[in-house]
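As a plain string of letters, each chain reads:
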Amino acid sequence: MTSEFKPSNLADWHKAAAKSAPNGDVNALNWHTPDGIAVKPLYTAEDTKDLPHTNTLPGFEPYVRGPQATMYAVRPWTIRQYAGFSTAEESNAFYRKALAAGGQGVSVAFDLATHRGYDSDHPRVTGDVGKAGVAIDSVEDMKILFDQIPLDKVSVSMTMNGAVLPVLAGYVIAAEEQGVSQDKLSGTIQNDILKEFMVRNTYIYGPAPSMRIIGDIIEYTAQNMPKFNSISISGYHMQEAGANQALELAFTLADGKEYVKTAINKGMDVDVFAGRLSFFWAIGMNFYLEVAKMRAARLLWCRIMKGFDAKSPKSLMLRTHCQTSGWSLTEQDPYNNVVRTTVEAMAAVFGGTQSLHTNSFDEAIALPTEFSSRIARNTQLIIQEETHITNVIDPWAGSYMMESLTNEMAEKAWAIIEEVEAMGGMVKAVDSGWAKLKIEAAAAEKQARIDSGKDVIVGINKYKLKEEDPIETREIDNVSVRDGQIKRLNDIKSKRDVAGVSAALAAITNAAKENSGNLLDLTIKAMRLRATVGEVSDALEQVYGRHRADPQKVQGVYAAAYGQNADGTASNEGDTMEYWNQLKADIAAFADKQGRRPRVMISKLGQDGHDRGAKVVATAFADLGFDVDMGPLFQTPEECARQAIENDVHAVGVSTLAAGHKTLVPAIIAELRKQGADDIIVFVGGVIPRQDYDMLYAAGVKGIYGPGTPIPVSARDVLKQIQASISAE
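Along each chain, residue indices are assigned from 1 in the same order as the chain's sequence is written. Predicted model: local features are reported for residues with pLDDT of at least 70 only, side-chain atom pairs are reported and counted for 80 or more only, and whole-chain, interface and lining totals are derived from all residues. Just so you know, side-chain values use all the structure's heavy atoms and leave hydrogens and water out.

Caption draft 1: Layout of the overall build of the protein. Helix and strand definitions follow DSSP, with helices as H or I runs of at least four residues and strands as E runs of at least two, each counted in order from the N terminus. Along the backbone of the protein there are 28 helices and 16 strands. For the protein, the spread of C-alpha atoms along the principal axes amounts to about 90 × 70 × 50 Å. Split into buried and exposed, the 729 residues of the protein put 60% on the buried side. In this analysis, two residues are considered to be in contact whenever any of their non-hydrogen atoms come within 4.5 Å of each other. Long-range pairs, those at least 24 residues apart, make up 79% of the contacts in the protein between residues at least 6 apart in sequence. When the accessible surface of the protein is summed, it comes to about 28,600 Å², and 51% of that surface belongs to carbon and sulfur atoms. By the counting scheme adopted, Arg and Lys are positive, Glu and Asp are negative, and His together with the chain ends is not counted. The atom standing in for a charge is NZ when the residue is Lys, CZ when it is Arg, CG when it is Asp and CD when it is Glu. Distance from the positive charge centre (75 side chains) to the negative charge centre (91 side chains) of the protein: 2 Å. A simple rule labels every residue: compare its accessible area, found with a 1.4 Å probe on the protein chains alone, to the largest value its type can have, and call it buried under 20%, exposed over 50%, or partly exposed in between. Each accessible area is a Shrake-Rupley estimate made with a 1.4 Å probe; only the visible protein chains count as cover when residues are assessed.

Caption draft 2: Here's a closer look at the nonpolar core. Within the largest apolar cluster, 87 residues are counted, with the highest numbers of intra-cluster contacts made by Phe 251, Leu 253, Trp 281 and Met 426. Per-element accounting of this core gives the leading share, twelve residues, to helix 11 (residues 287-307). Those residues in contact with Met 426 that sit more than four places away from it in its chain are Leu 194, Met 198, Phe 251, Ala 254, Asp 255, Glu 258, Val 420 and Ala 435. Only buried residues count toward a nonpolar core, which is a set of Ala, Val, Leu, Ile, Met, Phe, Trp, Tyr and Cys residues joined through side-chain atoms within 4.5 Å.

Caption draft 3: Representation of the pairing of strand 4 (residues 105-109) within the structure. Burial analysis of strand 4 places five of its five residues in the buried class, which makes it a mostly covered element. Along strand 4, one buried face is formed by Gly 105, Ser 107 and Ala 109 and the opposite face, lined by Val 106 and Val 108, is buried too. For the crossover that starts at strand 3 (residues 78-83), traverses helix 2 (residues 88-100) and ends in the parallel strand 4, the hand is right-handed. Bridge analysis of strand 4 against strand 5 (residues 156-159) gives four bridges, and the strand direction is parallel. Counted as the bridge partner of Val 108 is Met 158 from strand 5. Whether a crossover is right-handed comes down to one check: with the strands pointing away from the viewer, does the path from the first strand over the helix to the second run clockwise; if it does, it is right-handed. Two strands pair if DSSP finds at least two bridges between them.

Caption draft 4: Broad picture of the packing of aromatic side chains. Only Phe, Tyr and Trp rings take part, Trp by its six-membered ring, and two of them pair if their centres are within 6.5 Å. Stacked means planes under 30 degrees apart, edge-to-face means over 60, and tilted covers everything else. Applying the stated rule across the entire model yields 24 aromatic pairs. Here Phe 287 and Phe 350 contribute two aromatic rings whose centre-to-centre distance is 6.2 Å and whose plane-to-plane angle is 80°, an arrangement assigned as edge-to-face. Here Phe 287 is found in helix 11, whereas its partner Phe 350 is found in helix 13 (residues 336-351), with 63 residues between them in sequence. Either the NZ atom of lysine or the CZ atom of arginine qualifies as a charge over a ring when it sits within 6 Å of the ring centre and within 35 degrees of the ring normal. Directly above the ring of Trp 414 sits Arg 303, whose terminal nitrogen or CZ lies 4.6 Å from the centroid. The positively charged end of Arg 546 is found above the aromatic ring belonging to Tyr 118, 4.1 Å away from the centroid.

Caption draft 5: Just helix 28 (residues 711-728), in detail. Across its 18 residues, helix 28 extends 26 Å between first and last C-alpha, which sits within 8% of the 26 Å expected from 1.5 Å per residue. For helix 28, the set of buried residues is Ile 711, Pro 712, Ser 714, Ala 715, Val 718, Leu 719, Gln 721, Ile 722 and Ser 725. A helix is expected to span 1.5 Å multiplied by its residue count minus one.

Caption draft 6: Inspection of the pattern of salt bridges at higher detail. For this document, the term salt bridge refers to a Lys or Arg side-chain nitrogen within 4 Å of an Asp or Glu carboxyl oxygen. The full count for this structure, using the stated rule, is 43 salt bridges. Residues Arg 449 and Asp 455 are paired through a salt bridge, measuring 3.0 Å at the closest nitrogen-oxygen approach. Classification of Arg 449 by relative accessible area gives buried; the value is 14%.

Caption draft 7: Fine view of the packing of helix 25 (residues 637-646) against helix 26 (residues 661-674). Note on geometry: axes are lines fitted to C-alpha atoms, helical ones only across the stretch in contact, with angles between N-to-C directions running from 0 to 180 degrees. In contact at an axis separation of 8 Å, helix 25 and helix 26 are set at 45° when each is read in the N-to-C sense. With respect to helix 26, the element helix 25 is oriented oblique. Here helix 25 and helix 26 pass one another in a crossing that is right-handed. Side by side, helix 25 and helix 26 meet where Pro 637, Glu 638, Cys 640, Ala 641, Ala 644 and Ile 645 of the first sit next to Leu 664, Ala 667, Ile 668, Glu 671 and Leu 672 of the second. Every angle not falling under 35 degrees, over 145, or within 65 to 115 is termed oblique; those three ranges are roughly parallel, roughly antiparallel and roughly perpendicular. Put simply, a crossing is left-handed when the front helix is turned counterclockwise from the back one by less than a right angle, and right-handed when it is turned clockwise.

Caption draft 8: Expanded view of unusual backbone geometry. Here Glu 61 and Pro 62 are connected by a cis peptide whose omega angle stands at 0°. Mapping Pro 62 onto the fold places it in the loop between strand 2 (38-39) and strand 3. At Tyr 463, a residue that is not glycine, the phi angle is positive and equals roughly 60°. Examined against the element boundaries, Tyr 463 turns out to sit in the loop between helix 17 (434-451) and helix 18 (478-495). Positive phi, close to 80°, is recorded for Arg 530, a residue that is not glycine.

Caption draft 9: Quick look at the sheet that holds strand 12 (residues 599-603). Sheet architecture is open: five strands sit in the order 13-12-14-15-16, paired in parallel fashion. Each having just a single partner strand, strand 13 (627-630) and strand 16 (703-705) make up the two edges of the open sheet. Strand after strand, the sheet turns through a mean of 20° between neighbouring axes, direction not considered. Bridge count between strand 15 (residues 681-686) and strand 16: three bridges; the pairing is parallel. Looking across to strand 16, one finds that Phe 683 is bridged to Gly 703. Against the sheet, helix 24 (residues 612-624) contacts strand 12, strand 13, strand 14 (651-656) and strand 15, and its axis sits at roughly 160° relative to strand 13. Seen against the sheet, helix 26 touches strand 14 and strand 15 and runs at an angle of roughly 165° to strand 15.

Caption draft 10: Focus on the confidence of the model for the protein. pLDDT measures how confident the predictor is about each residue, on a scale from 0 to 100. Of the residues in the protein, 96% have a pLDDT of 70 or more, and the chain-wide mean is 91. When the elements of the protein are averaged for pLDDT, strand 3 gives the smallest value, 80, and helix 20 (residues 519-528) the largest, 98. Within the model, pLDDT remains below 50 along residues 564-574, and this stretch shows 15 contacts once partners closer than five positions in the same chain are excluded.

Caption draft 11: View of the sheet that holds strand 10 (residues 320-324). Across the sheet, which stays open at both edges, the nine strands sit in the order 7-6-5-4-3-11-10-9-8 with parallel pairing between neighbours. Across the chains shown, the open sheet's two edge strands, defined by having one partner strand only, are strand 7 (228-229) and strand 8 (231-234). Judged from the three bridges that link them, strand 10 and strand 11 (residues 355-357) form a sheet pairing that is parallel. Of the residues in strand 11, the one forming a bridge with His 321 is Ser 355. Set on the sheet, helix 9 (residues 245-265) makes contact with strand 8 and strand 9 (277-283); between it and strand 9 the angle comes to about 165°.

Caption draft 12: Molecular detail of the pairing of strand 15. For strand 15, a buried count of six out of six residues is recorded, marking the element as mostly surrounded by other parts of the structure. What you see with strand 15 is no split at all: Ile 681, Phe 683 and Gly 685 on one side and Val 682, Val 684 and Gly 686 on the other are buried throughout. Note on the crossover from strand 15 through helix 27 (residues 693-699) to strand 16: the handedness is right-handed.

Caption draft 13: The environment of Ala 506, seen in detail. Assignment of secondary structure puts Ala 506 in helix 19 (residues 498-514). Residue Ala 506 is classed as partly exposed on the basis of its relative accessible area of 43%. Sequence separation of Ala 506 and Met 601 is 95 residues, and the distance between their C-alpha atoms is 41 Å.

Caption draft 14: Up close: the environment of Asp 483. Note that Asp 483 resides in helix 18. Judged by relative accessible area, which is 47%, Asp 483 ranks as partly exposed. Taking the C-alpha atoms as reference points, Asp 483 and Ser 120, separated by 363 residues in sequence, lie 8.6 Å from one another.

This is the structure we're talking about:
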């Protein structure tokens, strides 16, 4: 039995679709992505007929369909759990449980003091030790971290950039003292400093000396650690800071080009080291774009490496780790995050990742619990073991939509890469502040679309719960963790060869000064003698100094995005725009009455460099009519209070992400009172568990704005608090 179908054509479809399209315009059905791509509701063979990459196979140039010929049909991606819980002992226990429950590698999160090259006893890190990761001061901490984890069999990924030399050295020595030689070590060190200057800010030294360090690490590992990836070029933190997919893709590949140039300039052959370069992508909720981004990344990296005359297939293929988005997680209605993480994990798998970390549903509130971590890990196990997704290699290949979108993502990113090259490369684009401002503008636009309701976030700006159930969260006792670390530090220093350590540290300083030797080799020698993370960092700081960023902010971007639809036309969302306009009028009225505009200072205290929230709030408040000062990163409470008084602000807003609020926020309030400025109000925004609200209010905080709070709502409350403070004088 046969059936005959009447041939249809695109013109027929347009006529049929126009009947239900808004105003009869089929183009109104297009989805305009943040990257400026118009995604159509229908794709046909016409959209892909001129795309050469659609005829390629996995494991072959340009690797669009995957770096290996068989991909997951033979070996699924590696399941990783990125974690670090205050102490080496607690983190080690978590890793061993995760490995026993199906985890296949260890991914280490370090605390902010370690990231910034400070030992736990340094006065600048009193509120940061053990927060947002594990505290590592010496080889002894590293030995505990990997106790009973066979480092010749388990690959280790370490997210470390600023203090990369002492941390990598500590890992190497911990393995040695476990009986594992360097040539048997497998894993990855992030070692991607350029993105730190754009988004994450856990740098120590400036761009030029940091690139010297990266070159030395690539050189040393190529010679001594052939199974270890010397760098993980990371777009993850760019997207988390607000970059759209095209910016994340372009800037990450441009960073990769810069690192390749650095290694070649050291006299290395590209095919000796390029096969050990790896990448790291964020996977957010734009499902189609994320799959297309990963396919486009492999296409472009192959093109870039051919430009360096690389010949080895391993040099040409892009291999990547992925992590589901932390930014997409919501504090409100948090069990929705299980669904979000699952969708994002599927996008990473369809995009062809080599390893994957899935975030826990409670990470918008606090560090994950064992309960939430198990759900996150099982999400991957279920996809691997139950769905049969792994049986088909690149199932999106040949899709008219996906192939077309892959090409559009590649073209968008390539245009940005060429713009970067015209500036002289990524180091110059970063040094000028241009790259950072591009990401911050994208972040402000995104937040404005959410606050105005144009982008839907279930449980935040649509389908909100009337009441939120409390969620059990993990609590870190920062004081006891720091006390324990200081005790171990003192014990190490009392037993070591003081003269030997001093000589080894002096050798590091001299190598930095003379631009001689290999800094990783010298650091390994120093840490074998039990030099500490802070001492190695100080030895380099004597020559390189500590980098200080210029706290610029974008202006006008939030207001423009808040008041427009995606296609650029004026918004007609009455209530939202009416609220905005009324708030602007009230701020103008305040200025008329007081003789000046309400003035706020947005601050980051401690060593938390994640400044997306701070920058977006500063942009939005400025667009509303506030005078806004940006405090420099890494302020102490004393420094923050002094600047607030000198700038004569009405309010200080503290942005917090890394759980330092219980220590640092009461400290800034106490400092303001101590310096006679208790009329300056303090408000707080960021990741703060609700059970901490009462403590903060009791300490004197006037407003707390958790994730998902619309910025105009927080701005209205801050204005009200400022007015109340003035009236009380």
